[in-house]
Amino acid sequence: MTSYPGGRAASIPLMGHEVEPTIFELSVPGRHAFQLRTTNVAPVPLADLVPAAHLREAPVALAEVNERDLVGHFTRLTHRQFSVDLGAYPLGSCTMKYNPKFCDAVANDPGWNSVHPGVPAALCQGWLELMVMLEHQLCAITGMAAATLQPSAGAAGELTGLLLMRAYHQANGDVRKRILIPDSAHGTNPASVTLGGYEVTTIPSNDRGLVDFAAMKAALGPDVAGIMLTNPNTVGLFEEEIVEIAAAVHEVGGLLYYDGANLNAILGAVRPGDMGFDVVHMNLHKTFATPHGGGGPGAGPVAVSQRLVEFLPGPKATKLDDGSYDWRTPSQSIGRVHGWHGNALVLARALAYINVHGGDGLAKVAQHAVLNANWLRHRLRDTLPAAYDRPCMHEAVLTASALKSRYGVRGLDVAKALLEEGFHSPTVYFPLIVDEALMFEPTETESLQTLESLAVSIEKIAALAITDPKRLMHAPQTTPVSRVDEARAARQLVSTEDAANR
Ligand SMILES: *Cc1c(COP(=O)(O)O)cnc(C)c1O
């Protein structure tokens, strides 16, 4: 068994083990977390419930552990993790803001979470009302006409949006082939375009980190279905020529897609609809506070301008003339993009979050997020300079390229060393167009004192780059897991179940 050096690891009781065993290594045949009492009710034979073709031939090899070992195992694992509840998590583009417990309280209410999605509309009017209210709020925030709440993540929202654009062009008898995407775009954008059946045309950024308008105009043509943009873009800068960009794309009959995964910079300040966008997806799990990471849960609603309303996925919660609610499917709907109505409890959390930030609360969220990012950018100007020296929006893209050329210390080393300081790392090597990029997104939820501690830690790391660069190249050493080979895990997959059966 591998052993890891570790200060923090040593403080976790491991009961004689050097590292936490896998759940399969804790397994003892025949052990259960709980046992159902035997009753005199005869069980229904499984074959009566599940068609024979779908029955397993052999029982699935699950770990067999008692409740005490199960809880101990997962509790110890949580102590090896960094989380938003533990401390600052400035992972750019991910908007890892602190999630108020109030929203969890709403989602934990059995009135919301004990309703089966297949319940008839007449018996869950409250849920339908919640969805109509949320759709209304999201449209007000983005300046759009209607929205679907079905997509369960940002990338799923992107695909939905592209299918909507395709349906719109097809309904106009218009076959188009290409989508324009700037080279600073989030990786999911080109992936979604390909899945949506379009080709990507990459638009270069200019030396100010913005879309090169002349290059974009030159790439436009009658075969362009639209353009996908993030504004502020992934370098954290606002596309100043957005109105001109929108006019040029609309002129050739194309549509504008807004990647609104992170609305943290623009809430209550500007609206994609007013900039000329036709489709916007939002990550409720980023901007509207739902714990996320590790693959879910999330919600990626898509809001659209008037011309796309009738293509939206259905069924949609709809308010009828008599004041009641029912499911309705738009006339030219692209169909379902989710088995049911979306990740409903994420929707409930988001509405709770929006409602507690009533009045100018959401605008303050954006103001504080932008202020925090700019404070950090300015505070670190002599240690890690900004990639583009101008005010940023909700995230600051800094570069470690000077540390690399002078001392051989890379952005990755700085990020890893920060873990030892008790902070989560920033996003590294994204956006791709910035050398040794370190993308900090402090969000509005961190205090000035926390930001100052973060800056002091980064200065300490930068000083080490001069005196002991080797030390940084082997960081982190005081965390439960030290420096890992990030590529090997992906290239040589070993599932824990296989490992346990070896
Ligand atoms: C996070 C993010 C996405 C993807 O969202 P998922 O919910 O992870 O699928 C897309 N675009 C941007 C700009 C993002 O930050």
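Residues numbered from 1 in each chain as written. Predicted model: local features only at pLDDT ≥ 70, side-chain atom pairs only at ≥ 80, totals over all residues. Heavy atoms only, no water.

Student: Please provide a residue-by-residue account of the domain arrangement of the protein chain, values included.
Tutor: Domain boundaries in the protein chain define domain 1 (1-80), domain 2 (125-356) and domain 3 (359-491). Distance from the C-alpha centre of domain 1 to the C-alpha centre of domain 3: 38 Å. (Domains from an automatic or database assignment.)

Student: Hey, could you go over the site of the ligand for me, with residue numbers and the actual values?
Tutor: In the neighbourhood of the ligand, 13 residues make up the surrounding shell, with Ser93, Gly154, Asp259, His285 and Lys286 lying closest. Within the contact set of the ligand, an oxygen atom lies 3.0 Å away from a side-chain nitrogen or oxygen of Asn283. Lys286 is positioned such that a nitrogen or oxygen atom in its side chain is 2.8 Å from an oxygen atom of the ligand. Relative to its unbound accessible area of 380 Å², the ligand is 85% covered by the protein chains. With respect to the detected pockets, the ligand is housed in the second largest pocket. (Near = heavy atom within 4 Å. Polar contact = N/O pair within 3.5 Å; in protein donor to acceptor, adjacent residues only side chain to side chain. Areas by Shrake-Rupley, 256 points an atom, 1.4 Å probe, with all protein chains shown as cover. 1 Å grid on protein atoms, 1.4 Å probe; cavity = no way out; pocket = protein on both sides within 12 Å on 5 of 7 lines; lining within 4 Å. Sits in = over half its atoms within 2 Å of the grid points.)

Student: Let's hear about the packing of helix α7 (residues 154-171) against helix α8 (residues 188-195): which residues, and what values?
Tutor: Across the interface, α7 lies against α8 with an axial gap of 9 Å and an inter-helix angle of 45 degrees. Taken together, the axis directions place α7 and α8 in an arrangement best described as oblique. Taken as a pair, α7 and α8 cross one another with a handedness that is right-handed. In this structure, α7 uses Ala155, Glu158, Leu159 and Leu162 to contact α8, whose residues at the interface are Thr188, Asn189, Ser192, Val193 and Leu195. By residue class, the composition of the contact of α7 with α8 is 5 nonpolar, 3 polar and 1 charged. (Axes fitted to C-alpha atoms, helices over the stretch in contact; angles between N-to-C directions. Helix = DSSP H or I, 4+ residues; strand = E, 2+ residues; numbered from the N terminus. Parallel < 35°, antiparallel > 145°, perpendicular 65-115°, else oblique. Left-handed = near helix turned anticlockwise from the far one by under 90°. Contact = heavy atoms within 4.5 Å. Nonpolar A, V, L, I, M, F, W, Y, C, P; charged D, E, K, R; others polar.)

Student: Account for the nonpolar core, naming residues and giving values.
Tutor: With 60 residues, the main nonpolar core has Leu134, Met216, Leu284 and Phe288 as its most contacted residues. With 9 residues, helix α6 (residues 125-142) is the largest single contributor of residues to this core. There are two domains that each give this core at least three residues, and those are domain 2 (125-356) and domain 3 (359-491). Judged by nonpolar contacts, the second largest core, of 26 residues, contains Ala386, Leu398, Ala415 and Leu454. (Core = buried A, V, L, I, M, F, W, Y, C linked by side-chain atoms within 4.5 Å. Buried < 20%, exposed > 50% of the residue type's maximum accessible area, 1.4 Å probe, protein only.)

Student: Account for α8, naming residues and giving values.
Tutor: Of the residues making up α8, those classed as buried are Asn189, Ser192 and Val193. Taken down its axis, α8 places every buried residue within 105 degrees of arc, on the same side. Exposed residues lying more than 90 degrees from the buried face of α8 are Thr194 and Leu195. Contacts from the buried residues of α8 go to α7, β2 (178-182), β3 (199-203), β4 (224-229) and β5 (255-260). Within two residues after α8, Gly197 carries a phi angle of roughly 90 degrees, on the positive side. (Arc of directions from axis to C-beta.)

Student: Describe the environment of Gly422, listing the residues and the values that go with them.
Tutor: With respect to the helices and strands, the residue Gly422 is situated in the loop between α16 (411-420) and β11 (427-428). Relative accessible area serves as the criterion here: at 40%, Gly422 is assigned to the partly exposed category. Along the backbone, Gly422 and Leu454 are 32 residues apart, and their C-alpha atoms lie at a distance of 9.2 Å.

Student: Tell me what's going on with helix α13 (residues 344-356), and back it up with residues and numbers.
Tutor: Across its 13 residues, α13 extends 19 Å between first and last C-alpha, which sits within 8% of the 18 Å expected from 1.5 Å per residue. By the burial criterion, the buried members of α13 are Val346, Leu347, Ala348, Arg349, Ala350, Leu351, Ala352, Tyr353 and Ile354. (Expected span 1.5 Å × (residues − 1).)

Student: How would you summarise the packing of aromatic side chains if you had to cite specific residues and measurements?
Tutor: The description of an aromatic ring pair uses the distance of the two centres, along with the angle that the planes make with each other. Summed over all chains, the structure comprises 5 aromatic pairs. Between Tyr258 and Phe277, the ring centres sit 4.8 Å apart and the planes meet at 85 degrees, which makes this aromatic pair edge-to-face. Residue Tyr258 is found in strand β5, and its partner Phe277 is found in the loop between α11 (272-275) and β6 (279-282); the two are separated by 19 residues along the sequence. According to the relative accessible area criterion, Phe277 is buried, its value standing at 2%. Ring geometry for Phe288 versus Tyr353: centroids 6.3 Å apart, planes at 80 degrees, classification edge-to-face. A residue pair is termed long-range when its members are at least 10 positions apart, and Phe288 in the loop between α12 (284-287) and β7 (302-304) and Tyr353 in helix α13 qualify at 65 residues. Phe288 gets classed as buried once you look at its relative accessible area, which sits at 0%. Directly above the aromatic system of Tyr198 lies the positively charged group of Arg166, at a separation of 4.6 Å from the ring centroid. (Phe/Tyr/Trp six-rings, centres within 6.5 Å; stacked < 30°, edge-to-face > 60°. Lys NZ or Arg CZ within 6 Å of the ring centre and 35° of its normal.)

Student: With reference to specific residues and values, describe the packing of α16 against helix α17 (residues 448-467).
Tutor: For the pair α16 and α17, the least separation of the axes is 10 Å and the interaxial angle reads 125 degrees. By the angle between their directions, the pair α16 and α17 is classed as oblique. Where α16 crosses over α17, the two elements pack in a sense that is right-handed. Contact residues: Val414, Ala417 and Leu418 in α16; Leu454, Ser457, Ile458 and Ile461 in α17.

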